[in-house]
Amino acid sequence: MRIMLVGDVVGRAGRRAFRTLTPRLRTEQRVDVVIVNGENSAGGKGFTRKALDELYAGGADIVTSGNHVWDKKDVFAFVDDEPYLVRPANYPEGTPGQGYCIFPFKAVNIAVMNLSGRSFMPALDCPFQKADEILSEIAGQADVIVLDFHAETTSEKLAMGHYLDGRADIVVGTHTHVQTADEQILPGGTAYITDLGMVGACDSILGVRKEIVIQKFRTGMPVRFEMAEGAAEYAAVIVDIEPDGRRAPLIERILLRQED
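Let me begin by describing the structure that accompanies this report. It should be emphasised that the depicted structure is a prediction, and the values quoted were computed from it without experimental measurement. (Residues numbered from 1 in each chain as written. Predicted model: local features only at pLDDT ≥ 70, side-chain atom pairs only at ≥ 80, totals over all residues. Heavy atoms only, no water.)

With that out of the way, let us pick up the overall build of the protein chain. A tally of regular secondary structure across the protein chain gives five helices and 13 strands. In summary, the protein chain has a C-alpha radius of gyration of 17 Å against a globular reference of 18 Å for 260 residues, a match within 12%. With respect to the principal axes defined by its C-alpha atoms, the protein chain has extents near 50 × 40 × 35 Å. Taking all 260 residues of the protein chain together, 56% fall into the buried category. In the protein chain, the proportion of contacts linking residues at least 24 apart, taken out of those at least 6 apart, comes to 64%. Working note: accessible area of the protein chain is about 11200 Å², and carbon and sulfur atoms make up 51% of it. Side-chain charges in the protein chain split into 28 positive and 37 negative, and the spacing between the mean points of these groups amounts to 6 Å. (Helix = DSSP H or I, 4+ residues; strand = E, 2+ residues; numbered from the N terminus. Rg over C-alpha atoms; globule rule 2.2 N^0.38 Å. Buried < 20%, exposed > 50% of the residue type's maximum accessible area, 1.4 Å probe, protein only. Contact = heavy atoms within 4.5 Å. Areas by Shrake-Rupley, 256 points an atom, 1.4 Å probe, with all protein chains shown as cover. Lys, Arg positive; Asp, Glu negative; His and termini not counted. Charge placed at Lys NZ, Arg CZ, Asp CG, Glu CD.)

This is the structure:
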């Protein structure tokens, strides 16, 4: 089985690149399942119905999120009705949406979890304890287990990767929008990367117009972020995995450019 995990899609440029390049990659790389982080897909923060539908139309099977999941208020109109849209599971009990889903592919059930880190992030329940709870809940239901850990620091992401090593098949980090070069198979057999990167404008700072971000750092004053446009980068990983565990997984980084 070949699973492609795609970094944070940022704004219109990111949606365009995702919509254009994902079908090509699915064909050329023989990808079976696509998991993408979409929490920045609508104007750089949150989801709208239109943005989510574009991700599905572009080839997303499962859409994960993060700390910006609630930034567009119309998300509350559809989040409970989307079986393969997941938000961080360590929000308090009673929060709309779901923290994991089980996606059937042929005879294989793929569990996709989403958790948010706590270092330099909004205060939520412990992601490590929540991961244990979910693994107990899905015991016997899933053949493949995947985690999108939406976190700020490399240390917290690495800690989660090693904590779940041998218990999850794939652990990937998102949130920083910069693809790391540490893709690896951990000692217990889990495919890992600290951050997938982003799908967004190349000539930008994390998908935002450069001059706005520079102004914020230079002056310390509030600014209104505006998404950059133009050519876009497309960052992802492809993981080859056998649900029966007879062969160790393989992980490969992808970094492409989509011209304007």
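Counted by the stated rule, this structure contains five aromatic pairs. Both rings, one in phenylalanine 18 and one in tyrosine 234, keep their centres 6.4 Å apart while their planes meet at 5°; by these two values the pair is stacked. You can see phenylalanine 18 sitting in helix H1 (residues 11–28) and its partner tyrosine 234 sitting in strand E12 (residues 232–240), a full 216 residues away along the chain. For the ring pair tyrosine 84 and phenylalanine 103, a centre distance of 5.1 Å and an interplane angle of 75° mean the geometry is edge-to-face. Of this pair, tyrosine 84 sits in the loop between strand E4 (62–64) and strand E5 (100–105) while phenylalanine 103 sits in strand E5, placing them 19 residues apart in sequence. (Phe/Tyr/Trp six-rings, centres within 6.5 Å; stacked < 30°, edge-to-face > 60°.)

Our focus in this paragraph is the packing of H1 against helix H2 (residues 49–58). At a minimum axis separation of 8 Å, H1 and H2 run at an interaxial angle of 15°. Between H1 and H2, the angle is such that the two are roughly parallel. As for how H1 packs across H2, the hand of that crossing is left-handed. On H2, the residues touching Arg15, Phe18, Arg19, Thr22 and Pro23 of H1 are Lys50, Ala51, Glu54, Leu55 and Gly58. Taken together, the residues of the contact of H1 with H2 break down into four nonpolar, two polar and four charged. (Axes fitted to C-alpha atoms, helices over the stretch in contact; angles between N-to-C directions. Parallel < 35°, antiparallel > 145°, perpendicular 65-115°, else oblique. Left-handed = near helix turned anticlockwise from the far one by under 90°. Nonpolar A, V, L, I, M, F, W, Y, C, P; charged D, E, K, R; others polar.)

Among the nonpolar cores identified, the biggest contains 29 residues, and Met4, Val6, Phe18, Phe47, Val63 and Tyr234 are the most heavily contacted of them. Of all the secondary-structure elements, those providing two or more residues to this core are strand E1 (2–6), H1, strand E3 (33–37), H2 and E12. Not counting the four nearest positions on each side in its chain, methionine 4 is found in contact with Thr22, Leu25, Val31, Val33, Val34, Ile35, Tyr234, Ala236, Val237, Ile238 and Ile254. (Core = buried A, V, L, I, M, F, W, Y, C linked by side-chain atoms within 4.5 Å.)

Turning our eyes to something else, we now look at the pairing of strand E8 (residues 170–174). E8 sits mainly inside the fold: five of its five residues count as buried. The side-chain alternation of E8 yields two buried faces, one formed by Ile170, Val172 and Thr174 and the other by Val171 and Gly173. Each parallel crossover has a hand, and the one from strand E7 (residues 144–150) via helix H4 (residues 154–163) to E8 is right-handed. (Right-handed = clockwise from strand over helix to strand, strands pointing away.)

In this section: the side chain of glutamate 54. Of note, glutamate 54 is situated in helix H2. A relative accessible area of 14% means that glutamate 54 is categorised as buried. Side-chain polar atoms of glutamate 54 contact the side chain of arginine 19, separated by 2.4 Å. Every residue in contact with glutamate 54, bar those within four places of it in the chain, is listed here: Arg15 and Arg19. (Polar contact = N/O pair within 3.5 Å; in protein donor to acceptor, adjacent residues only side chain to side chain.)

Strands sit in the order E5-E6-E7-E8-E10-E9 across an open sheet of six strands; the sheet is mixed. The open sheet terminates on both sides in strands that have one partner only, identified here as E5 and strand E9 (184–185). In terms of strand pairing, E9 meets strand E10 (residues 191–193) through two bridges, oriented antiparallel. In the sheet register, glutamine 184 faces E10, and the bridge partner there is tyrosine 192. Of the strands in this sheet, E5, strand E6 (108–116) and E7 are in contact with helix H3 (residues 127–137), which crosses E6 at around 160°. Contacts between H4 and the sheet are confined to E6, E7, E8 and E10, with E7 contributing the most and set at about 165° to the helix. (Pairing = 2+ DSSP bridges.)

Attention shifts here to the pattern of salt bridges. This model, assessed by the stated rule, comprises 17 salt bridges. A salt bridge links glutamate 183 to arginine 253; the shortest N-O distance between them is 2.8 Å. Residue glutamate 183 is located in the loop between E8 and E9, and its partner arginine 253 is located in strand E13 (residues 250–258); the two are separated by 70 residues in the primary sequence. Judged by its relative accessible area of 34%, arginine 253 is partly exposed. (Salt bridge = Lys/Arg side-chain N within 4 Å of Asp/Glu carboxyl O.)

Bear in mind that shape data such as this cannot, by itself, settle questions of function.
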